[in-house]
Amino acid sequence: MRALPELMDPKRARESPESAVLSRPSAFPDEVLERILSLLDTHKDRSSASLVSKAWYHAERWSRARVFIGNCYSVSAEILVRRFPNIRSVTLKGKPRFSDFNLVPQNWGADIHSWLLVFAEHYPSLEELRLKRMTVTDQSLEFLALKFPNFKSLSLLSCDGFSTDGLSAIATHCRNLTELDIQENGIDDISGNWLNCFPDNFTSLEVLNFASLNSEVNFDSLERLVTRCNLLRILKVNKTITLDQLQRLLVRAPWLTELGTGSFIQELTPRQYADLETSFKGCRNLQTLSGLSEATALYLPALYPACANLTFLNLSYAALQSEELARLLAYCAHLRRLWVLDTVEDKGLEAVGQNCPLLEELRVFPSDPFDEEIVHGVTELGFLAVSYGCRKLRYVLYFCRQMTNAAVATIVRNCPDFTHFRLCIMNPGQPDYLTREPMDEAFGAVVKNCPKLQRLAVSGLLTDLTFEYIGTFAKNLETLSVAFAGSSDLGMQCVLEGCPKLRKLEIRDCPFGNKALLSGLEKYESMRSLWMSACKITMNGCRLLARKMPRLNVEVMKDEESNDGQSYKVYVYRSVAGPRRDAPPFVLTL
Amino acid sequence: MSAPGRAGHSPEMVEYSGAMNLDETELTLGLPGGESRGKSGTKRGFPDTIDLSIGAKRRSLTGGGEAAKDPDIAVAERREDEVSGTISSKPPATKTQVVGWPPVRSFRKNVMTKSCKFVKVAVDGAPYLRKVDLEMYSSYQQLLAALEGMFSCFTIRKYLKERKLMDPANGGEYVPTYEDKDGDWMLVGDVPWKMFVESCKRLRLMKGSEAVGLAPRASASTCTSSSS
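So, how was this worked out
Residues numbered from 1 in each chain as written. Chains lettered and ligands numbered in written order. Predicted model: local features only at pLDDT ≥ 70, side-chain atom pairs only at ≥ 80, totals over all residues. Heavy atoms only, no water. Buried < 20%, exposed > 50% of the residue type's maximum accessible area, 1.4 Å probe, protein only. Helix = DSSP H or I, 4+ residues; strand = E, 2+ residues; numbered from the N terminus. Contact = heavy atoms within 4.5 Å. UniProt positions renumbered as here; feature names shortened; annotations may be inferred. Arc of directions from axis to C-beta. Salt bridge = Lys/Arg side-chain N within 4 Å of Asp/Glu carboxyl O. Pairing = 2+ DSSP bridges. Axes fitted to C-alpha atoms, helices over the stretch in contact; angles between N-to-C directions. Parallel < 35°, antiparallel > 145°, perpendicular 65-115°, else oblique. Nonpolar A, V, L, I, M, F, W, Y, C, P; charged D, E, K, R; others polar.

(A) Summary view of helix α12 (residues 243-252) of chain A. Inspection of α12(A) places L243(A), Q245(A), L246(A), Q247(A), L249(A) and L250(A) among the buried residues, and these make up the whole buried set. Buried residues in α12(A) make contact with α11 (219-228), β9 (234-236), β10 (258-260) and α13 (270-281) of chain A.

Here is the structure:
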């Protein structure tokens, strides 16, 4: 097979792609090329393939079935359907991440409905929709359920605007549904009746996650649903499901690979406890376990037999103490991902270090983040203990009330493979509690020792030095979150000038002003987005940025929380769709 | 292969060495670059105490300088200062409530409130508060045993009869007390267990000498139990 020169040298192809393709008979018919390219999975690979030549661009776009859009305003539905005619699966992310923490007002946008209208016309065979931080109304859910007969998979994470009535529409009309995954959304939880809406002859469900809904569901309906859907492999129920009900479900679906339990507290008779234990023993395939709300030492042992193959244990809604965690972890030697609450304290984390040598990801959430009194959580000692025992650690999210530079330096020496390092010292601007120095050296150590670092969140008392370190060493950094840090514009400048792969930068409450903002002019076009709030930006600075970079969307909101009324929230992002057409009055597009 | 943290240091040890030098462990809220604010260990004047959200209604806040007539109230007020005296003086309320900080999704805010009955436990002389879940225990015996485990320098001596905790380090006795729904400080153990769980808002292990002014059934108007 003759290799086409344009494939060997992409530059040549771009010089005269049409002439190269037209003047030479193609080595592959288009269908073959499409077939080959359809084997490409990741978005990055597909993007690269589409840049090789016109032939490849077209083959790729005809063969692409799944599309991921990290910022729903970076492209329009019309542009999307024009380029990709055969999409079956769409993943969309909407609001800036800080909207999770109430920094973005209601009715900001990211409404899915306008997309659905276009999809109904151009993607009638749409099968999958995965949304994060989008606004979704019941009307949209009903539209989705009625207009897309092949629809199979719905995942809503951190979305808002709908109620359980919308879920009823999905359950009623989506005959081929395989996945319903509802996570942590701000929704109107009216009732659990939606579960009753699955028809009696409906059997295709493989994934059901309603763990974050509060209202009670009819258990008989649930049991019948689980019984007739014999492909069910992921089941995450909510807190209203009791232990003995859980036991009955497990008996019906022992082949689950992921389980989210309901409430783990109940007065069980010895017989019921024995049954529960037996049911858990029958779950040989369990890889992920979550839920366990109100779990107590009393019934956790029933779980032990199911833990042998666990790779992901999510205890972030179970306020376990250190002893309980230690005992549980003794059965979880294969754990790769662990999420806990800081109720486990440093002692619990010591047990992590001792029992989980394969651990790659640890998230420690605060049980009392808004309590101003001093309550024991985790400290630098717990993190240290984990780093000594879990050398493969690459992802950490750690909320604590005290940290030292020395501890972080040791931690990253133990674990140089960090790709995600998110440290949140909960008191804004808090220094090293032993030396009283800024935490600059801690994050300096992180970026120096961890060449693979992709994501970093900093906290504590930080000067510009931290950002100099980041700009100098963090050459693979893609996402950076900064709060209450830095001394001057220089800090932000260092990052913008020094991090070639930076895609997302979110900053709040830092002394960075217009000079810093404008130092990243060309940079922003290679990034997905920039967020700045409660910094020293002025309207003039934003206007200047907008004027100099017409292909960026520069959106400004007045900062309601600021004392001086001069503070703004700025959201800057690249877009091929031009300025938003749906911006509410409080969003000013410059 | 692994040596946790510093060899020979348990978290409890660190906690207590911290107790010797409160300045070092003091956590303060401040703006970036700010110095640590406030002093610890000083008695607070009236204006400072009204911002505290420590307990329920503060009936004893009749004024810092006023010598309270009611010995119970005087003791309660002094006790409160001692508990809160180990915490740095807080900045005004508006500054402590920073929007969206710490960056925890609203979903996670409800984790603790939804679960059982967590109450804070303060120990005279310790700089940290702890939390226990009263629902985890079915008797005073279990609770006191758990407290002993938590503040591991104590041993329990005749806890059923005397309901006191001994601290072998300084030989002092600690009396478990609690604040009930009405804001009164009571001795632990006087009401039936379930009633105690129901009405207990926070616990405090008080130095034996301090508990002198606190009689069981401290306030007749709040006494609802008919037997102990």
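Additional details are given in the paragraphs that follow.
(B) Looking closely at the UniProt feature "domain: F-box" (unreviewed entry) in chain A. On the UniProt side, "domain: F-box" (unreviewed entry) is annotated at positions that read residues 28-69 of chain A here. The distance from the first to the last C-alpha atom of residues 28-69 of chain A is 30 Å, and the span holds 62% helix and 10% strand.

(C) Broad picture of the side chain of H113(A). Secondary-structure assignment places H113(A) in helix α8 (residues 113-122). Non-local contacts of H113(A), meaning those with residues more than four positions away in its chain, are made with Q139(A), S140(A) and F143(A).

(D) Region of interest: helix α5 (residues 43-50) of chain A. Residue and element names in this part refer to chain A. Inspection of α5 places R46, A49 and S50 among the buried residues, and these make up the whole buried set. For α5, the buried positions fall inside an angular range of 95 degrees around the axis, keeping them on one side. Buried positions along α5 lie against α4 (30-37), α6 (54-63) and α7 (77-83).

(E) Region of interest: the pattern of salt bridges. With the rule as written, the count across this model stands at 34 salt bridges over all chains. Between D100(A) and R105(B) there is a salt bridge; the shortest N-O distance is 3.0 Å. Placement of the pair is D100(A) in the loop between β2 (89-93) and α8 and R105(B) in the loop between α5 (93-96) and α6 (106-109), with the two residues belonging to separate chains. In this structure, D100(A) and R105(B) share a single accessibility class: buried. Across the pair E323(A) and K347(A) runs a salt bridge whose closest N-O atoms are separated by 3.6 Å. Residue E323(A) is located in helix α14 (residues 322-329), and its partner K347(A) is located in helix α15 (residues 345-355); the two are separated by 24 residues in the primary sequence. Taking the relative accessible area as the measure of exposure, K347(A) reaches 37% and is therefore partly exposed. Overlapping salt bridges, with partners in common, bring together D100(A), R133(A), E184(A), R105(B) and R108(B) in one network.

(F) The arrangement of the pairing of strand β21 (residues 552-558) of chain A in detail. All names here are of chain A. Most of β21 sits out of view: six of its seven residues are buried. Here β21 pairs with strand β22 (residues 568-574) via seven bridges, running antiparallel. The residue of β22 that forms the bridge with V554 is V572. Where β21 and strand β23 (residues 588-589) come together, two bridges link them in antiparallel fashion. Within the sheet, the bridge partner assigned to E555 lies in β23 and is T589.

(G) How the structure looks around the packing of α15(A) against helix α16 (residues 380-389) of chain A. Residue and element names in this part refer to chain A. The contact between α15 and α16 brings their axes to 7 Å, and the two run at 5 degrees. Considering their axes alone, α15 and α16 lie roughly parallel with respect to each other. Contacts between α15 and α16 pair D346, L349, E350, V352 and G353 from the former with L381, G382, F383, A385, V386 and G389 from the latter. Split by residue class, the contact of α15 with α16 holds six nonpolar, three polar and two charged.

(H) Representation of unusual backbone geometry in the model. In this structure, the amide linkage connecting W101(B) to the following residue, P102(B), adopts the cis form with an omega of -5 degrees. Positionally, P102(B) belongs in the loop between α5 and α6. For F484(A), which is not glycine, the phi dihedral falls at a positive 55 degrees. By the secondary structure assignment, F484(A) is in the loop between β18 (479-483) and α20 (489-498). Here F484(A) falls in the buried class, since its relative accessible area comes to 7%. Although it is not a glycine, D509(A) adopts a positive phi angle of roughly 55 degrees. With respect to the secondary-structure elements, D509(A) resides in the loop between β19 (504-508) and α21 (514-518).

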